[in-house]
Structures are given as structure tokens and as C-alpha cells.
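Results of the structural survey
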Amino acid sequence: MPKRSRLGQLAGLVAAGLVVCAPAAQAVEIQAPAPVIMQAGAVHEVLEQAPPGPVLDPAETDKANSQETKKKVIAGIAAAILLGLVILGRRSRSKKKKS
């Protein structure tokens, strides 16, 4: 493969930049449509009250929170055990390597 001079490399980079940036430079500016002005007297909307949301039972919420906490504790213990195995494995590997 022939070597390129620094000037050739620079020319290639400039050409590539022009090819990549050309569509962005030619992009047509999109103008937002003019806002529609409504007369205050013409708009008569009746505000309806939103229906009430769901009722949350505190007992169910506490039960869900305790289950989530239990899952997090189990995941934390599993992560600690796996970390311990990794540390022990690296320690034993380094002792075998020194021998």
C-alpha cells in the first residue's frame, strides 16, 4: 500500500468533511406556522372536573414495599457473595502465578 503525504491526507479529510457536511449546509430552514389568534369571546369551553383517581390501600402499599425491600436484600446478598468469589479467585490465581 503506497504511503500518502500529509497534504494528501489533509485533502482527503477535507473532502470527506465536505461530503458529510454538505447536506446539513443545504438544509432548508423550516419555519413554524404563524400562531392562530382566537378571540376570547368565541371560546366558551366548559371545564369539567376530572374523575377521581384510584384509591390506594395503605395495607397493600406496605405489603408491596416490604416485598420490594426483601427482593433488594436478597439481590444485595447475592452480589456480595459473587464479589467474594471473584476476589478469592483472583487471589488464588495470583498465588499460583507467583509459584
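Everything below is about the structure printed above this text.
Presented here is a report on the structure given in the accompanying data block.

The rules we used
- Residues numbered from 1 in each chain as written.
- Predicted model: local features only at pLDDT ≥ 70, side-chain atom pairs only at ≥ 80, totals over all residues.
- Heavy atoms only, no water.
- Helix = DSSP H or I, 4+ residues; strand = E, 2+ residues; numbered from the N terminus.
- Expected span 1.5 Å × (residues − 1).
- Buried < 20%, exposed > 50% of the residue type's maximum accessible area, 1.4 Å probe, protein only.
- Salt bridge = Lys/Arg side-chain N within 4 Å of Asp/Glu carboxyl O.

1. What to know about helix α2 (residues 58-98)
For α2, with 41 residues, the first-to-last C-alpha span of 60 Å sits near the 60 Å given by 1.5 Å per residue. The buried fraction of α2 is low, at zero of 41 residues.

2. Things to note about the pattern of salt bridges
If you walk through the whole model with that rule in mind, you get one salt bridge. Between Lys72 and Glu68 there is a salt bridge, and its shortest N-O distance comes to 3.6 Å. Of this pair, Lys72 and Glu68 both sit in helix α2, four residues apart, which is roughly one turn of the helix. According to the relative accessible area criterion, Glu68 is partly exposed, its value standing at 42%.

Interpretation in functional terms is not warranted from these geometric data alone.
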